[in-house]
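Now for the letters of each chain:
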Amino acid sequence: MTTDHAEAAEGVAGPPRVDAHHHVWDLSVRDQPWTRDLPVLRRDFTMTDLSPQLDAHGIDATVVVETVDSADETVELLRLYARDTRVAGVVGWAELSAPDVAGTLDRLRAAEGGTGLVGLRHQVQLEPPCAAEGDWLLRPDVAAGLDVLGDRGLVFDLIVTAAQLPSAIEAVRRHAGTSFVLDHAGKPPIAAGAIEPWATRIAELAALPNVAVKFSGLLTEAGDGQRDAEHLLPYARPLLEEFGARRLMFGSDWPVCTLAADYGHTLSITAALLETLDDADRAAVYGGTANRWYGLALGSGAAA
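Keep in mind that this is a model prediction, so the values were computed, not measured. (Residues numbered from 1 in each chain as written. Predicted model: local features only at pLDDT ≥ 70, side-chain atom pairs only at ≥ 80, totals over all residues. Heavy atoms only, no water.)

1. Considerations on the overall build of the protein chain
- Per the secondary structure count, the protein chain includes 11 helices and eight strands.
- Whereas a compact globule of 304 residues would reach a radius of gyration of roughly 19 Å, the protein chain reaches 18 Å, a difference of no more than 12%.
- Each principal axis of the C-alpha atoms in the protein chain carries an extent, and together these give about 50 × 50 × 40 Å.
- For the protein chain, with 304 residues in total, the buried portion stands at 52%.
- Carbon and sulfur atoms form 51% of the exposed surface of the protein chain, whose accessible area is close to 12,200 Å². (Helix = DSSP H or I, 4+ residues; strand = E, 2+ residues; numbered from the N terminus. Rg over C-alpha atoms; globule rule 2.2 N^0.38 Å. Buried < 20%, exposed > 50% of the residue type's maximum accessible area, 1.4 Å probe, protein only. Areas by Shrake-Rupley, 256 points an atom, 1.4 Å probe, with all protein chains shown as cover.)

Structure below.
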């Protein structure tokens, strides 16, 4: 973390509150093809749009996450980190299967804002199963890249569907020296009203110590009439029981969350789902876990 970011963190009273998962984009710079059938998302979303929401809800710092598999986007997000003290970390993209992924990571970290690189993500949810080579996460070239991430002290964010959880579990098991974060709770099939085998697989994943999970995306996985605490609690409970607060981090998934709820409602539903936690556990979910897992260096008050 740069001096400016560290000084900004020190100015926060109490444990910093972190939104560990959001996105920004400018459609004039780069299209977001996945939004073409989602008119709510077919516009620019910037930190200027997000900052008033953060102020209104007491969020001190954020982690911005890649949206498309683009090295140029990662460079842009690192520049954003360099220029906006609210952004405490970047989960970017690089070709993990490339033979020179170590060199790519070193170049990114040497670039403007490069100290803000805390991890990588790949759109695994879009990768089809491959009988010849195995699922994407288990390919030998990808496995080599995951080991490099561990060597560099960087995290790999898992964006997978519920059906891909077995591959995610195996990848986390094989790469004990790499830290992982499961995005959006592994996309449980809430809209279908199903909880198994997702819940069993969440327990299997949680048994591995090198993975945390983002308490995010539940609202967008729910269907009409399900976006309340009563319907979401059966999916929140396994996350709390299996991972515990010290491996659970809040992420808004803004602006994708606006498909289901605005920023404030996303936070209020999250609060309702976490109401049984004590103050220390709540502080972990709202900042401490992200601070420790990503190495955000937001101050001792955020440790958990």
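2. Things to note about the environment of leucine 298
- Within the secondary structure, leucine 298 is located in the segment after α11 (279–294).
- Residue leucine 298 is classed as buried on the basis of its relative accessible area of 6%.
- C-alpha separation for the pair leucine 298 and glycine 287, spaced 11 residues apart in sequence, amounts to 9.0 Å.

3. Considering empty space enclosed by the protein
- The final tally for this structure, using the stated rule, is one cavity of 30 Å³ or more.
- Surrounding the largest cavity, 16 residues form its lining, Gly217, Leu218, Leu219, Thr266 and Thr270 being those nearest its centre.
- Listing elements by their share of the lining of the largest cavity, those giving two or more residues are α8 (218–221) and α10 (263–273).
- Among the elements that line the lining of the largest cavity, the one with the most residues is α10, at four residues.
- Its residues placed into classes, the lining of the largest cavity shows eight nonpolar, seven polar and one charged. (1 Å grid on protein atoms, 1.4 Å probe; cavity = no way out; pocket = protein on both sides within 12 Å on 5 of 7 lines; lining within 4 Å. Points joined across faces, edges and corners; volume = space filled by probe spheres on them. Nonpolar A, V, L, I, M, F, W, Y, C, P; charged D, E, K, R; others polar.)

4. So, the sheet that holds strand β1 (residues 18–22)
- Strand order in the open sheet made by the eight strands is β1-β2-β3-β4-β5-β6-β7-β8, with parallel pairing throughout. In the strand order of this sheet, the two ends are held by β1 and β8 (248–250), each with one partner. The mean inter-strand angle of the sheet, taken between neighbouring strand axes irrespective of direction, is 25°.
- Pairing geometry for strand β3 (residues 87–92) and strand β4 (residues 117–122), over three bridges, is parallel. Bridging from a neighbouring strand, valine 91 pairs with glycine 119 of β4.
- Strand contacts of α10: β1, β7 (211–215) and β8, with the helix running at about 150° to β8, the strand carrying the most contacts.
- Packing against the sheet, α11 makes contact with β1, β2 (61–65), β3, β4, β5 (155–158), β6 (179–182), β7 and β8, and its axis sits at approximately 115° to β8. (Pairing = 2+ DSSP bridges. Axes fitted to C-alpha atoms, helices over the stretch in contact; angles between N-to-C directions. Contact = heavy atoms within 4.5 Å.)

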